[in-house]
Each structure stands twice: as structure tokens, then as C-alpha cells.
Amino acid sequence: MTFSLKPSSMVAVCILALSFCLNGCGGSSSTPAPANPTPVQPTPPANPPEEPSSGSSGANLVPPSGKVLSIVGQDLDALRVYQRDCIDCATPGGITSYVGLDAVLTNSGGAIFGGLGVDANGQLVSDENDADWGSGKVSAAKSLQLYPGSAIALGLSFGQTAGGTQAIVNGDYSDEIARLGQFIKSIAPTPVYLRIGYEFDGNWNTHFYDAETYKQAFQVIVDGIEAEGVDNVDYVWQTAASP
């Protein structure tokens, strides 16, 4: 299946910093949040756009017309503080977490199971073993436990893979891609926005990603996940939009 990007299938997500709250953290609001707010869930459009003849991938998890899916993050501590202290804030429609493709099958080092937070049998890793790349601990599984009704935006990093992006194109990471697909499938019907090689054009990433090889790797990852029968994911092409 060939993946193609088209304006009608692009997913707009709003990633909010922890310090930004919808109604003001701890402050008063003219319209108090309900005791048990219900997150806005993305739903497929009533009349989804016609697929191009070349085919496309993804679950088409587009928010309702005129709505924005607000997503907060980005590490476990930040999500816990938001839940604990931002008592007047709406439950987020989505949360963020991060996954390192090269480590999703690894049970040692500083990125056990690549940030998925669970082993191949679905068992949670211990708190001290949660993945940490230096910006706070992350665990996709534990983040979803904090916000079980929210979507999740997974930032998929593959810049650190041995052999570089070309190794993904060569098929060296097919097992890791399959494991990622199995994880996403296991958390269905939770909507997943997979940010493949996010911020690929940022000046901090240009030594990892060659444009043409990146596009080929993107396709390989999509194909590998589709092969696992995943139907709760959309694939996000996320530019850094930086100088």
C-alpha cells in the first residue's frame, strides 16, 4: 500500500505546554468545568474523503468540523502535575508520549522497551525503568492509565537507529516496527496519532534525516504497522517549522 499525504487527511493537533490551561490553572472560571469532564474524542467525518487511486493509510481520525483536538504533555511528571494541580482545566482530548524505535525490543539501558512502558506480554515496567532521554521519564502505557479516555500522540524517533534511517529502509528494523504496530493495536480503540520522525527538518535533526531516505523510511514504517492489522492510528507528517 502506498501512503500519500493530502490536505483532506492531514490531522491538526494542538500541543499545549503544561503551563497553559484552558481555564487558568487553579483560577476561577465563569463556566466551571464539570466534576467529571468528558474529553472530546476525534471521530471519523460523516462523509470521509474519497481515497486516491494510489491508496492511503490510517484511520482518518479527524476531529469534528470546527473542533480542535487539544493535546497536553509531554512527560509523565508533567501529565501528573496537570492532573493534580490544574483542577479547573478540561480533561485533555489527547496526551503526548515518545517512542524510540531502536529500543522497543530492548529490556536494558536507559530506554527500556523504547518508551512503550510495557514488555511484549503487556506487563508494565517498573517506575525506575521508565524510558528517559534526558527530558523527563516517558511511558505511553502509564500515560494512558492517567487519561484513559484521551487520544495519544506518539512522537516516533528513529534518528538514533544503528545504521541511520537507511537501515529502516533496508529492513533492519522490521521486528521493531512490528512490535510498535502490535502495541498500538493493543490499546485500541484509543486513537493514536503517530508522529513519524517528528521535526525531521529541525536544525537539531538534519544530521539524522536525509529527505529522500526519510520519505522511504516513513513508508516502510507505515507498511509495517499496517501489516499488523492496526486500525486505530493516523500517520502524522510533522515539520519542525523552525529556522
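Before reading further, recall that the structure is shown in the block above.
Residues numbered from 1 in each chain as written. Predicted model: local features only at pLDDT ≥ 70, side-chain atom pairs only at ≥ 80, totals over all residues. Heavy atoms only, no water.

Student: In this structure, what is going on with the pattern of salt bridges? I would like to understand it.
Tutor: Two side chains bearing opposite charge may form a pair once their charged atoms approach each other closely. Counted under the stated rule, the structure contains 5 salt bridges. Across the pair Arg 80 and Asp 77 runs a salt bridge whose closest N-O atoms are separated by 3.9 Å. Here Asp 77 and Arg 80 lie together in helix H1 (residues 76-85), a separation of 3 residues that amounts to about one turn. Among the residues examined, Arg 80 registers a relative accessible area of 35% and is labelled partly exposed. The residue Asp 127 makes a salt bridge to Lys 142 at a minimum N-O spacing of 2.6 Å. Placement of Asp 127 in the loop between strand S3 (94-100) and strand S4 (131-132) and of Lys 142 in helix H2 (residues 140-146) is noted, with a sequence separation of 15 residues between them. (Salt bridge = Lys/Arg side-chain N within 4 Å of Asp/Glu carboxyl O. Helix = DSSP H or I, 4+ residues; strand = E, 2+ residues; numbered from the N terminus. Buried < 20%, exposed > 50% of the residue type's maximum accessible area, 1.4 Å probe, protein only.)

Student: Hey, could you run me through unusual backbone geometry in this one?
Tutor: Most peptide bonds adopt trans geometry, and most residues besides glycine take a negative phi value. Put simply, Gly 73 and Gln 74 share a cis peptide bond, and its omega is 20°. One non-glycine residue with positive phi stands out, namely Phe 113, at about 55°. Inspection of the secondary structure puts Phe 113 in the loop between S3 and S4. For Phe 113, a relative accessible area of 13% translates into the label buried. The phi torsion at Glu 199 lies on the positive side, around 55°, for a residue other than glycine. Assignment of secondary structure puts Glu 199 in the loop between strand S7 (192-196) and helix H5 (211-226). A relative accessible area of 22% means that Glu 199 is categorised as partly exposed.

Student: What's the story with the side chain of Thr 190 in this structure? I'm lost.
Tutor: Its location among the elements puts Thr 190 in the loop between helix H4 (174-186) and S7. Overall, the relative accessible area of 12% leaves Thr 190 in the buried class. With near-sequence residues (within four places) excluded, Thr 190 lies in contact with Leu 144, Ser 150, Ala 151, Ile 152 and Asn 232. (Contact = heavy atoms within 4.5 Å.)

Read these as geometric descriptors, not functional statements.
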